[in-house]
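Here's the letter readout for the chains.
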Amino acid sequence: QVRLVESGGGLVQAGGSLRLSCAASGRTFNTYAMGWFRQAPGKEREFVAGIRWRVGITYYYADSVKGRFTISGDNAKSTVYLQMNSLKPEDTAVYYCAASSNGWDTRSIHEYDDWGQGTQVTVSS
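A quick note: this is a predicted structure, and the numbers were derived from the prediction, not measured. (Residues numbered from 1 in each chain as written. Predicted model: local features only at pLDDT ≥ 70, side-chain atom pairs only at ≥ 80, totals over all residues. Heavy atoms only, no water.)

Participant: What should I look at first to understand the nonpolar core in this one?
Facilitator: If you look at soluble globular proteins, the nonpolar side chains tend to sit buried side by side. In this structure, Met34, Trp36, Leu82, Met84 and Tyr95 are the most contacted members of the largest nonpolar core, which totals 34 residues. Filtering out sequence-adjacent residues up to four positions away, Leu82 remains in contact with Leu18, Arg19, Leu20, Trp36, Val48, Ala49, Phe69, Thr70, Ile71 and Tyr95. (Core = buried A, V, L, I, M, F, W, Y, C linked by side-chain atoms within 4.5 Å. Buried < 20%, exposed > 50% of the residue type's maximum accessible area, 1.4 Å probe, protein only. Contact = heavy atoms within 4.5 Å.)

Participant: Explanation requested: the state of the cysteines in the structure shown.
Facilitator: Disulfide: a covalent bond connecting the sulfur atoms of a pair of cysteines. Counted by the stated rule, this structure contains one disulfide. Bridging Cys22 to Cys97, the disulfide has an S-S length of 2.1 Å. Judged by the sign of its S-S torsion, about 60°, the bond between Cys22 and Cys97 is right-handed. Placement of Cys22 in strand 3 (residues 18-26) and of Cys97 in strand 9 (residues 93-100) is noted, with a sequence separation of 75 residues between them. Summarising the burial analysis for this pair, Cys22 and Cys97 share the class buried. (Disulfide = S-S within 2.5 Å. Helix = DSSP H or I, 4+ residues; strand = E, 2+ residues; numbered from the N terminus.)

Participant: Teacher, can you tell me more about unusual backbone geometry here?
Facilitator: Where the residue is not glycine, phi is negative for most of them; where a peptide bond is considered, it is trans in most cases. Even without a glycine there, the phi angle at Ser86 is positive, about 50°. Structurally, Ser86 can be placed in the loop between strand 8 (79-84) and strand 9. You can call Ser86 partly exposed: its relative accessible area is 42%.

Participant: In this structure, what is going on with the pairing of strand 11 (residues 119-124)? I would like to understand it.
Facilitator: When a strand is regular, its side chains alternate between the sheet's two faces. Side chains of strand 11 alternate between two faces, with Thr119, Val121 and Val123 buried and Gln120, Thr122 and Ser124 left unburied. In this sheet, strand 11 lies alongside strand 2 (residues 10-13) in parallel orientation, the contact comprising four bridges. Bridging across to strand 11, Leu11 finds its partner in Thr122. Across three bridges, strand 9 lies against strand 11 in antiparallel orientation. By the bridge assignment for strand 11, Tyr95 is matched with Thr119. (Pairing = 2+ DSSP bridges.)

Participant: Just to check I follow, could you spell out the sheet that holds strand 3 for this structure?
Facilitator: Strand pairing in a sheet relies on backbone hydrogen bonds. The paired strands run either parallel or antiparallel. Across the sheet, four strands lie side by side as 1-3-8-7; this open sheet has antiparallel pairing. Of all the strands in the sheet, just strand 1 (2-7) and strand 7 (69-73) have a single pairing partner and so form its edges. Each strand axis lies, on average, 15° off the axis of its neighbour in the sheet, ignoring direction. Here six bridges tie strand 1 to strand 3, and the two strands are oriented antiparallel to one another. Pairing of Ser7 across the sheet is with Ser21, part of strand 3. (Axes fitted to C-alpha atoms, helices over the stretch in contact; angles between N-to-C directions.)

Structure below.
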């Protein structure tokens, strides 16, 4: 089991930036991927970005955030970041980080075993 704690959310104006952090602890030795998901009220939780440690490091992004968001992390899997630039009101949601023991379909919510509590991101127009 991996314990995940998100931080860095807040209120920002459109066009601004935020950096989210996800601190991981526990049994991270068998974590092969971590991802960021977000969920707005009345909507399904959706994939935002992911990082996979499988013979090197692979990065994944949703089309809606590609070019604006950057995910990063270390091989120790202690902390994963999500740098969010050029934020839009449509980015407003609760952002969750998650850990996967598979790392096959990094974009899928079903891939992930453990989840953080989430951090609120609000982008005003």
